[in-house]
Amino acid sequence: MTANSPASPEGSILTPNGWVTGKVEFAGHAISVIDGRTLAPGAKPKGPFVLPGFIDLHVHGGGGGDWQGGEEGVRTFVRYHTSYGTTVIAPTTAIGPVPVIEKSLSAITSIAAARRPGEAVVLGAHLEGPFINPLKPGAMEISFILEGDAALAQSWAEKFKIIIATVAPEVPGGHDVIRALAERGCRVQIGHSIATPLMAEEAFHCGCSGFTHLFNAMSQMEHRSPGVAAYALAKGRFAEIIGDLVHVDATVLLAAYRAIPRLYAITDASAAGMPDGTFEWSGRRVIKKGQRITLENGTTLAGSAITMLDAFRNLISLGLSLEQVAEMTSARQAEYLGLQDVGRIEPGARACLVKLDENLSLRGVWVDGESIAPAF
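Residues numbered from 1 in each chain as written. Predicted model: local features only at pLDDT ≥ 70, side-chain atom pairs only at ≥ 80, totals over all residues. Heavy atoms only, no water.

Caption draft 1: Here's a closer look at the overall build of the protein. The helix and strand inventory of the protein stands at nine helices and 22 strands. In terms of overall size, the protein behaves like a compact globule, its C-alpha atoms giving a radius of gyration of 20 Å where 376 residues would be expected to give roughly 21 Å. Expressed as a percentage of its 376 residues, the buried residues of the protein come to 55%. Element-wise, carbon and sulfur atoms account for 51% of the exposed surface of the protein, whose accessible area totals about 14,200 Å². For the protein, the centre of its 31 positive side-chain charges and the centre of its 37 negative side-chain charges are spaced 4 Å apart. (Helix = DSSP H or I, 4+ residues; strand = E, 2+ residues; numbered from the N terminus. Rg over C-alpha atoms; globule rule 2.2 N^0.38 Å. Buried < 20%, exposed > 50% of the residue type's maximum accessible area, 1.4 Å probe, protein only. Areas by Shrake-Rupley, 256 points an atom, 1.4 Å probe, with all protein chains shown as cover. Lys, Arg positive; Asp, Glu negative; His and termini not counted. Charge placed at Lys NZ, Arg CZ, Asp CG, Glu CD.)

Caption draft 2: Region of the structure containing the pairing of strand S3 (residues 30-38). Across eight bridges, the pairing between strand S2 (residues 18-27) and S3 is antiparallel. From the neighbouring strand, Glu25 faces S3, where its bridge partner is Val33. Between S2 and the antiparallel strand that follows it, S3, lie two residues; Gly28 among them carries a positive phi value of about 65°. (Pairing = 2+ DSSP bridges.)

Caption draft 3: Here's a closer look at the packing of helix H4 (residues 174-182) against helix H5 (residues 197-206). Two elements in contact, H4 and H5, have axes whose closest approach is 9 Å; the angle formed by their N-to-C orientations is 35°. Note that H4 runs across H5; the crossing there is right-handed. In this structure, H4 contributes His175, Ile178, Arg179 and Ala182 to the contact, and H5 contributes Glu202, Ala203 and Cys206. Among the residues forming the contact of H4 with H5, the class breakdown is four nonpolar, one polar and two charged. (Axes fitted to C-alpha atoms, helices over the stretch in contact; angles between N-to-C directions. Left-handed = near helix turned anticlockwise from the far one by under 90°. Contact = heavy atoms within 4.5 Å. Nonpolar A, V, L, I, M, F, W, Y, C, P; charged D, E, K, R; others polar.)

Caption draft 4: Expanded view of the sheet that holds strand S8 (residues 86-91). Read across the open sheet, the three strands follow the order S5-S8-S9; overall the sheet is parallel. Both outer strands of the open sheet, strand S5 (54-59) and strand S9 (121-122), are each paired with one neighbouring strand and no more. Here two bridges tie S8 to S9, and the two strands are oriented parallel to one another. When the bridges of S9 are listed, Ile89 appears paired with Val122. Against the sheet, helix H1 (residues 70-82) engages S5, S8 and S9, with an angle of about 150° to S8.

Caption draft 5: Region of the structure containing the confidence of the model for the protein. Considering every residue of the protein, the mean pLDDT works out to 96; 98% of them sit at 70 or more. Within the protein, S5 carries the highest mean pLDDT (99), whereas strand S16 (residues 277-281) carries the lowest (87). Here residues 1-5 is modelled with pLDDT under 50, and outside its nearest four sequence neighbours on either side it reaches 16 contacts, counting other chains as well. (pLDDT = per-residue confidence, 0-100.)

Caption draft 6: Spatial organisation of the pairing of strand S1 (residues 10-15). Counting buried residues along S1, five of its six residues qualify, which places the element largely inside the surrounding structure. Taking the residues between adjacent antiparallel strands as the criterion, S1 and S2 are bridged by two residues. Both S1 and strand S4 (residues 49-52) contribute to a ladder of two bridges, which runs parallel. Considered in S4, the bridge of Ile13 is made with Val50.

Caption draft 7: Highlighting H1. With 13 residues, H1 ought to run about 18 Å at 1.5 Å a step, and its terminal C-alpha atoms sit 18 Å apart, in line with that. Listing the buried residues of H1 in full gives Gly70, Gly73, Val74, Arg75, Phe77, Val78, Tyr80, His81 and Thr82. (Expected span 1.5 Å × (residues − 1).)

Caption draft 8: Region of interest: the environment of Gly96. Checked against the element boundaries, Gly96 lands in the loop between S8 and helix H2 (98-113). Taking the C-alpha atoms as reference, Gly96 lies 7.8 Å from Ile145; in sequence the two are 49 residues apart. Contacts of Gly96, omitting those with residues within four sequence positions, involve Ile101 and Phe144.

Caption draft 9: Inspection of the layout of surface pockets at higher detail. Within this model, the largest pocket holds a volume of roughly 290 Å³. Looking at the largest pocket, it is lined by 17 residues, and the ones nearest its centre are Pro16, Glu327, Ala331, Gly343 and Arg344. Secondary structure elements with two or more residues in the lining of the largest pocket: S1 and helix H9 (322-337). Broken down by element, the residue count for the lining of the largest pocket peaks at six residues, all from H9. Split by residue class, the lining of the largest pocket holds nine nonpolar, three polar and five charged. Considering the residues around the second largest pocket, the lining is formed by 17 residues, among which Gly138, Ala139, His192, Asp268 and Leu301 are closest to the centre. Counting residues per element, the lining of the second largest pocket draws most heavily on strand S19 (residues 301-304), which supplies three residues. (1 Å grid on protein atoms, 1.4 Å probe; cavity = no way out; pocket = protein on both sides within 12 Å on 5 of 7 lines; lining within 4 Å. Points joined across faces, edges and corners; volume = space filled by probe spheres on them.)

Structure (structure tokens):
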């Protein structure tokens, strides 16, 4: 998977200060120099485009691997998404027996400490559940949902590298779980929740930072009975949204883009890269037909089939600019986590980049200066 050529990326380079036509030089894992000419304000860049590598903070699987597959299963889907331009990633757990969740958290923690060639930078885990509302399980198995257990959450946060967690604040013990995780540096998000705006407000006072897969598996926008989605649009700063245009209609996604200052894209991928058919995911049978993955009932969505490259192209198709979409697929995720060394192309930052041609085909991937062969 690793490319033979370590050639520096060249083209129209998107930097925090605008476009530069030239090339990016590396020194070890970091960017050392951006050598080129700055485009005049208003000038349109020409391909190929060198952009910050994609950052996916919510992804369960891909390429035949998933979060329940132990260390090798997680590495499999990390490599798959890396080959499509994801250079920084937070592998995401789902609902399951506690020992299964702990096995996955242990694997993700190990991978985060020991990156291998061909892999994205693994920041740590996104813990989705088990402290969620059984009335909003999404595609997850209700029998494994737990009430808030602050002692268990604290134990996990101290033993494993968890950078994001999804919690329903209204469940018994939910506030204590939020505090336990937030106090240990985790970004806690409201998700799989029927909270009212007042409950959401209280959750943010307890340490919540954002929202998980906006509009999906949460109380909605009813104008006389608003829920989590309404609160996010009214007061949210950061929120993740699935970029497949299946989970959220294009018009609704654009409305969220206007309302939430730092809305960012995720994949929520489960069976990405798999042929159409029936698969086992998180202990449940799912059906993949094109870009749509559902439970056997044919209606309940069960993750997505996309990569961050797909999300990038989908957002471009809505009329957003290259600069706007690069923010939604990289810079805002880094900002959300308080990271200064990814999500941007500038000297001193980690050398995590992608190169796209004029047709938005992937022509290069670099992770910490390593040149990785794109999937196609």
